[in-house]
Amino acid sequence: MLTNRTFLTYVALMTLVVVASNFLVQYPLPGSIAGMQLGDLLTWGAFSYPIAFLVTDLTNRQFGPRTARKVVIAGFAVAILLSVLVATPRIAIASGSAFLLGQLLDISVFNKLRAQSWWRAPLVGSLFGSFLDTAIFFSFAFAAFFAVFGPNDPFALESAPILGVMTAEAPRWISWALGDLSVKIIVGLVMLLPYGALMSVIKPMPGQKASA
């Protein structure tokens, strides 16, 4: 049975991840590697946000999709309120929209695959969720078309070589989105390690299917 303490723990973890990511996404990485300017590729938020999928998947595994959705919605509401204090309103809107839709997609995919190999549901769910999350967040946060959500960021809209190395150029936020998605995929793979390690501790409650 889900206790209030367990529920609040999951919500607190989700809130911490989202608020931290909303703050960190405003800061491009400094320096360069092999001539590539990291600031044209990534923000610090790319490394923290994928942890949200781990929290969602562990909740889903233990208590099922209904409870996982409650944790996502509760975490979404609290995170949006707190994010306004550490990020611009536009970032908060973009993050909230991307978070909610990406996490709900992850829950749906995870639940369909939960009876298969233990790694399939968390990996595929997080990949689908990451694609949707990245597309929504970076469009809402930085694309000139969505200026209705708040002032445009001139640095994000400046043209730069795609991924910092291609001859073709695009607004810098496009490379941020591609770099962010690449990191999310890598971190999604890495998150299989703690997920697998916690499987013996966080077991499905009665009525929930276990992974193979």
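What you see is a predicted model; the values in this text were computed from it and never measured.

Enquirer: Summarise helix α8 (residues 172-190); cite the residues concerned and give the values.
Expert: Counted at 1.5 Å a residue, the expected span for α8 with its 19 residues is 27 Å, and the 27 Å between its end C-alpha atoms agrees. Residues of α8 that are buried: Arg172, Trp173, Ser175, Trp176, Ala177, Gly179, Asp180, Leu181, Val183, Lys184, Val187 and Gly188. Looking at the buried side of α8, the elements it contacts are α2 (45-48), α6 (120-142), α7 (154-157), β3 (159-161), β4 (169-171) and α9 (192-198).

Enquirer: So, the UniProt feature "transmembrane region" (unreviewed entry) in the protein chain: which residues are in play, and what are the values?
Expert: Residues annotated in UniProt with the feature "transmembrane region" (unreviewed entry) correspond here to residues 7-29, 41-59, 71-87, 93-111, 123-149 and 181-202. End-to-end, the C-alpha atoms of residues 93-111 are 27 Å apart, and along that stretch the chain is 100% helix and 0% strand. Within the segment residues 123-149, helix and strand shares are 74% and 0% respectively, and the terminal C-alpha atoms sit 32 Å apart.

Enquirer: Tell me what's going on with the packing of helix α1 (residues 4-24) against helix α4 (residues 65-86), and back it up with residues and numbers.
Expert: Close contact between α1 and α4 brings their axes to 8 Å; oriented N to C, the two are set at 40 degrees. If you check the angle between α1 and α4, you find them oblique. As for how α1 packs across α4, the hand of that crossing is right-handed. Contacts between α1 and α4 pair Phe7, Tyr10, Val11, Met14, Thr15, Val18, Val19, Asn22 and Phe23 from the former with Lys70, Val71, Val72, Ala74, Gly75, Val78, Ala79, Leu82, Ser83 and Val86 from the latter. Within the contact of α1 with α4, the residues separate by chemical class into 14 nonpolar, 4 polar and 1 charged.

Enquirer: Requested: an account of the nonpolar core, with residues and values cited.
Expert: By size, the foremost hydrophobic cluster in this structure holds 34 residues, and its most contacted members are Tyr10, Met14, Leu42, Leu58, Phe99 and Tyr195. Going through the elements one at a time, α1, α3 (51-63), α4, α5 (89-113) and α8 are the ones with two or more residues in this core.

Enquirer: Requested: an account of the packing of α4 against α5, with residues and values cited.
Expert: At a minimum axis separation of 10 Å, α4 and α5 run at an interaxial angle of 170 degrees. Considering the angle they form, α4 stands roughly antiparallel to α5. Of the residues in α5, those touching α4 at Pro65, Ala68, Arg69, Val72, Ile73, Gly75, Phe76, Ile80, Ser83 and Val84 are Ala92, Gly96, Ser97, Phe99, Leu100, Gln103, Leu104, Ile107 and Asn111. A class-by-class count of the residues in the contact of α4 with α5 yields 12 nonpolar, 6 polar and 1 charged.

Enquirer: Which residues make up the confidence of the model for the protein chain, and what values do they have?
Expert: Across the protein chain, pLDDT averages 85, with 92% of residues at or above 70. Per-element confidence in the protein chain ranges from a low mean pLDDT of 69 for strand β2 (residues 36-37) to a high of 94 for α6.

Enquirer: A description of the pattern of salt bridges should follow, citing residues and the corresponding values.
Expert: A full pass over the atoms with the stated rule returns 3 salt bridges. Across the pair lysine 184 and aspartate 133 runs a salt bridge, and its minimum N-O distance is 2.5 Å. You can see lysine 184 sitting in helix α8 and its partner aspartate 133 sitting in helix α6, a full 51 residues away along the chain. In terms of burial, lysine 184 and aspartate 133 fall into one category: buried. Of the charged contacts, one joins lysine 184 and aspartate 180 as a salt bridge, the two residues approaching to 3.0 Å between their closest N and O atoms. Here aspartate 180 and lysine 184 lie together in helix α8, a separation of 4 residues that amounts to about one turn. You'll find lysine 184 and aspartate 180 in the same group, each marked buried. Sharing partners across several salt bridges, the network here consists of Asp133, Asp180 and Lys184.

Calculation criteria
- Residues numbered from 1 in each chain as written.
- Predicted model: local features only at pLDDT ≥ 70, side-chain atom pairs only at ≥ 80, totals over all residues.
- Heavy atoms only, no water.
- Helix = DSSP H or I, 4+ residues; strand = E, 2+ residues; numbered from the N terminus.
- Expected span 1.5 Å × (residues − 1).
- Buried < 20%, exposed > 50% of the residue type's maximum accessible area, 1.4 Å probe, protein only.
- Contact = heavy atoms within 4.5 Å.
- UniProt positions renumbered as here; feature names shortened; annotations may be inferred.
- Axes fitted to C-alpha atoms, helices over the stretch in contact; angles between N-to-C directions.
- Parallel < 35°, antiparallel > 145°, perpendicular 65-115°, else oblique.
- Left-handed = near helix turned anticlockwise from the far one by under 90°.
- Nonpolar A, V, L, I, M, F, W, Y, C, P; charged D, E, K, R; others polar.
- Core = buried A, V, L, I, M, F, W, Y, C linked by side-chain atoms within 4.5 Å.
- pLDDT = per-residue confidence, 0-100.
- Salt bridge = Lys/Arg side-chain N within 4 Å of Asp/Glu carboxyl O.

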